[in-house]
Amino acid sequence: MKTLVLTAHPDLGKSRINRAWFDALTQADSVTTRDLTAIGGSEMRFDISAEQTLLQAHDRIVFQFPFYWYSAPPVMKAWMDQVLSYGFAYGPGGTRLKGREFLILVSTGGPADSYHAGGYNNFSMDELLKPFQQTATLTGMTYLRPFVAHGMAVATVEQIDATVSDMLAHLTDAELDPKIKQARLLKALEDDPVKAAAVS
Ligand SMILES: Cc1cc2nc3c(=O)[nH]c(=O)nc-3n(C[C@H](O)[C@H](O)[C@H](O)COP(=O)(O)O)c2cc1C
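Just so you know, these numbers come straight off a predicted model, no measurement behind them.

1. Some words on the side chain of E101
- Within the secondary structure layout, E101 lies in strand β4 (residues 101–107).
- Within polar-contact distance, the side chain of E101 engages the side chain of R60 at 2.8 Å.

2. Here we look at the site of the ligand
- Taken together, the neighbourhood of the ligand is formed by 16 residues, with H9, S15, F67, S107 and Y115 sitting nearest.
- Y70 places a polar main-chain atom, nitrogen or oxygen, 3.0 Å from an oxygen atom of the ligand.
- Take G109: an N or O atom from its main chain is 3.0 Å from a nitrogen atom of the ligand.
- Surface burial for the ligand is 73%, taken as the share of its 640 Å² of free accessible area covered by protein chains.
- The residue inventory of the shell around the ligand, partitioned by class, reads eight nonpolar, seven polar and one charged.

3. Quick word on the pairing of strand β2 (residues 31–35)
- Across the five residues of β2, four count as buried, placing the element largely inside the fold.
- With helix α1 (residues 17–27) bridging strand β1 (residues 3–7) and its parallel neighbour β2, the resulting β-α-β unit is right-handed.

The rules behind these values
Residues numbered from 1 in each chain as written. Predicted model: local features only at pLDDT ≥ 70, side-chain atom pairs only at ≥ 80, totals over all residues. Heavy atoms only, no water. Helix = DSSP H or I, 4+ residues; strand = E, 2+ residues; numbered from the N terminus. Polar contact = N/O pair within 3.5 Å; in protein donor to acceptor, adjacent residues only side chain to side chain. Near = heavy atom within 4 Å. Areas by Shrake-Rupley, 256 points an atom, 1.4 Å probe, with all protein chains shown as cover. Nonpolar A, V, L, I, M, F, W, Y, C, P; charged D, E, K, R; others polar. Buried < 20%, exposed > 50% of the residue type's maximum accessible area, 1.4 Å probe, protein only. Right-handed = clockwise from strand over helix to strand, strands pointing away.

Encoded structure:
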C-alpha cells in the first residue's frame, strides 16, 4: 500500500500539530509527504501533470490539514481545483482515481464536544467534511473514516505526541476500509450460528 500525503498548512514552520504529523509521516514506510504550500508557492500554482502522475502512483490519497473556518486552508482547494480535472478525475474518461482510498487527517482548535448537535459548533465533523466525502465518491475513491484531533489550539507537547501515535495507528488500521471490517464481522456471524440467529 503506497500512501500519498498532501499537507495543506499555510506555514508548517509555525505549526505545532500538523508539523508533528508531517514529520512522523515523512519517516513512515511507504508514505510520500508533500507540503503543498512549499510546492505551490505564493501563487498556489501546481504542475498538474506531475501531481496527477503522483496520484496514480499511490493507492491511498491523504489530505492532511488544520481545520480553518470549517474547511481546509485555501492551498488545499487550489490544488483540488487544478489537479482534479475534467477527463482525469471526473467526466468522460475521468476514471484515473477510481479504486483508490481517500483519507482525511485533520486537527481542530475547538473541543470534541463542540462538534455535535447542541454543541457550539452545531455540526459533527462527518457533516462538515461532506464536500470532501462527495469529492472522493465522485472520483471513484473509497472514503475512509477520518482521523480528527480536537482541541489542538492549546495542546500540550504530551497531547501532541499522543495524537502522532494515534494518527499513525489509524493510518495502519487493517480494517480502515469499511468493506474489510464488515466482511470480518459477517464471517464471525457465519462461524457462530447462535449469534447469527440472534441478529437475523
Ligand atoms: C484562520 C483560522 C481558522 C480556524 N478555524 C477553525 C475552525 O473553523 N474550527 C476549529 O475548531 N478551529 C479553527 N482554527 C484553529 C485551528 O484548527 C488550530 O489552531 C489548528 O488545528 C492547529 O494546528 P497547527 O498547530 O498545525 O497550526 C482556526 C485557526 C485559524 C488560524
